[in-house]
2 protein chains.
Amino acid sequence: MVVRLEILKEDTRTRARIGKLYTPHGIIDTPVFMPVGTQATVKTMTPEELKDLGAQIILSNTYHLYLRPGHELIAEAGGLHTFMNWDRAILTDSGGFQVFSLGALRKIREEGVEFRSHIDGSCQFLSPEIATQVQIALGADIIMAFDECAPYPCTHEYAGNSLERTTRWTKRCLEALGTNEKQALFGIVQGGIYQDLRIQSAEQIVGLDLPGYAIGGLSVGEPKELMYEVLDYTVLHLPKQKPRYLMGVGSPDALIEGVMRGIDMFDCVLPTRIARNGTALTRYGKVVVRNAESARNFSPLDPTCACYACRNYSRAYIRHLLKADEILGLRLMSIHNLHFLQTMMREIREAIREERLPEYRRAFFADYGY
Amino acid sequence: MVVRLEILKEDTRTRARIGKLYTPHGIIDTPVFMPVGTQATVKTMTPEELKDLGAQIILSNTYHLYLRPGHELIAEAGGLHTFMNWDRAILTDSGGFQVFSLGALRKIREEGVEFRSHIDGSCQFLSPEIATQVQIALGADIIMAFDECAPYPCTHEYAGNSLERTTRWTKRCLEALGTNEKQALFGIVQGGIYQDLRIQSAEQIVGLDLPGYAIGGLSVGEPKELMYEVLDYTVLHLPKQKPRYLMGVGSPDALIEGVMRGIDMFDCVLPTRIARNGTALTRYGKVVVRNAESARNFSPLDPTCACYACRNYSRAYIRHLLKADEILGLRLMSIHNLHFLQTMMREIREAIREERLPEYRRAFFADYGY
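Residues numbered from 1 in each chain as written. Chains lettered and ligands numbered in written order. Predicted model: local features only at pLDDT ≥ 70, side-chain atom pairs only at ≥ 80, totals over all residues. Heavy atoms only, no water.

Observations concerning the confidence of the model for chain A
Here is step 1 of the chain: Averaged over chain A, the pLDDT score is 97; the fraction of residues at 70 or greater is 100%.
Here is step 2 of the chain: In the predicted complex, the global pTM is 0.98; the interface-specific ipTM is 0.98. (pLDDT = per-residue confidence, 0-100.)

See below:
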């Protein structure tokens, strides 16, 4: 297998496990949070800065790169790794989620999805075959099946049709991929918030014997408790020995809850997006750095944090940079938030190793004020 | 003297010289180009990145920091060096140039200048005393006299009144500074493009026996040949043993011409500003990276350049980042352009040392297409 999971330890009291995910661009410690580099760059960051934080894999987006600069150009450059100067693992999503998010600007047919580009309004088309070809050109280690992500809320019938189409599309992706010894195709389980549909979807997708499985269509507006419920019963229908990826999740609380339910991989724009809006993640909850109370706070964002921003700059300075629209402010905030999540995932892995994950969760939630 | 220049070698064929400028925060090789950190940050850059380029001194702005976050706050933080985490030398300008640039939004009186903040429109006031107090609070190694910068073009009478006021104001700055063993006050020679007035101003300012002298009111719209002419006769009236600083100049050609006329220090927002607009400075002229011809150029911005951007990224990738409004694009362009000027100044110093500055100039202009 191009990509495979070695499970090092399973928790005795939860479904959590730690493992090593083998990819053509390195071995990844799981559970892992993947920073998002939508447009072939994790916003504000260099690859060296990502490595300093301990990032082992990043995510990039088929939808965005297909439209700009185009996958042929990236292939000419030698693939996405070379283009963006990142020699560790990359996962690309299929563009499915992005085109469905376009709402009125897209039309779904069995063949694929017609949509209008958010950049120039031009007519565009993505299908399982095209999404796969694009991802082959990009050369990511892990590529995602082109799926139909049902919205929340939606009817049982809608979610049922979506998951059936997702299965048909996943088969077409698999066919389009052919024999490929450098890239692993992960399937995506859909089915909305309906237990019968999630199980049906999981059985169909797992039936395709893929190297990994994602749970899609969550964190799209439903209450978190509902998401955890869906995870509870869906994970039971995914094979233990394959990696499990919960798409679009990255809040600290949901990372812990996801790990406890057996998830190995996560991604989310949250840490970098709220960073640029001026919100820092800390062990003691979120800090809105733009607020007036930070103006004369000459301590770091988080005195317990060892990131570059906290080692060298005060909250007052970072607030000044944000108020003055200075890019260094966005950089320091992004470094801090990504460092926070990378550190948290490392702590979670240690807690699993040392059989104290529930205790870690309790202490974390008490500090974080959740 | 808090700040003093040691001249290591004078060129035999031009007025160029190389030296060491001693400051409380390190020794600076001259001639030097100072990157501009208007708002307590050189746009997009960390201090470590500036040091990697070889930057030994940066410039920051009284006008901007007075308005935001305020000099008292920076003093509370331990001064500008601590606030922005820069342990090498800093020069602050007085705010004179900025308030005069406000045009209709300011009113000049003998006491000082009333102006409206560009941030919130509030009424503000700067005077020689206030500008000096602000710069004392910021704690820069070199602080600038509060001057009146005459526009181009302007009448002989206007330029004459401006320079006389600048002399009176410089005396008030000197008084406001008192005995200060950590900061050196540089005076500014004005006088527009009038030889008699420049000489008059130089004699008055030099009469105050300051540790360094700047030439102000140039690069404000006049033809470059006119600027060089002004330098030719003005420098003759500045003492050899003191540093000479040409304010607001930073185009590659003007740096060489300035050095040949005896200038030791330069500053300009040009390299970082055009970087953010997508223009790279290279040995072979300017490159507009946003242009379509860069789309599939998989070579570095400049194949002869050793900067971080050129060592690791293609022009095509940087163009993609710029088109996609990605901050990493602005970072890479800024690093490249500052590296270009720092490298050029090092080459200029070597050329002076080796008695081949005119030859260096000729070769540079031939390559650069000037």
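Picking up where we left off.
Structural notes on empty space enclosed by the protein
Here is step 1 of the chain: On inspection of all chains with the given rule, the structure shows 3 cavities of 30 Å³ or more.
Here is step 2 of the chain: Considering only enclosed or pocket space, the largest cavity measures out at about 60 Å³ in volume.
Here is step 3 of the chain: Lining the largest cavity are A150, P151, Y152, P153, C154, G192, I193, Y194, G217, V220 and E222 of chain B.
Here is step 4 of the chain: Approximately 50 Å³ is the volume found for the second largest cavity.
Here is step 5 of the chain: Lining of the second largest cavity is provided by Y317 and L328 of chain A together with A40, T41, V42, M45, P47, L50, M84 and W86 of chain B. (1 Å grid on protein atoms, 1.4 Å probe; cavity = no way out; pocket = protein on both sides within 12 Å on 5 of 7 lines; lining within 4 Å. Points joined across faces, edges and corners; volume = space filled by probe spheres on them.)

Some remarks on the pairing of strand 2 (residues 17–23) of chain A
All names here are of chain A.
Here is step 1 of the chain: The element strand 2 is largely enclosed, with a buried count of 5 among its 7 residues.
Here is step 2 of the chain: Where strand 1 (residues 4–10) lies against strand 2, 6 bridges are found, and the strand directions are antiparallel. Bridged to E6 within strand 2 is K20.
Here is step 3 of the chain: Pairing of strand 2 with strand 3 (residues 26–30), which is carried by 5 bridges, proceeds in the antiparallel orientation. Considered in strand 3, the bridge of G19 is made with T30.
Here is step 4 of the chain: As consecutive antiparallel partners, strand 2 and strand 3 are separated by 2 residues. (Buried < 20%, exposed > 50% of the residue type's maximum accessible area, 1.4 Å probe, protein only. Helix = DSSP H or I, 4+ residues; strand = E, 2+ residues; numbered from the N terminus. Pairing = 2+ DSSP bridges.)

Digging into the relation of the copies chain B and chain A
Here is step 1 of the chain: Least-squares fitting of chain B to chain A yields an RMSD of 0.0 Å, with the superposition described by an axial translation of 0.0 Å and a rotation of 180°. Taken together, the rotation and translation describe the operation of a two-fold axis. Scanning chain B for the C-alpha nearest the rotation axis identifies I327 of chain B, at a separation of 3.8 Å.
Here is step 2 of the chain: When the interface residues of chain B are mapped onto chain A, 100% of them again lie at the interface, so the same face is used by both copies. (Least-squares fit on C-alpha atoms with pLDDT ≥ 70 in both. Contact = heavy atoms within 4.5 Å.)

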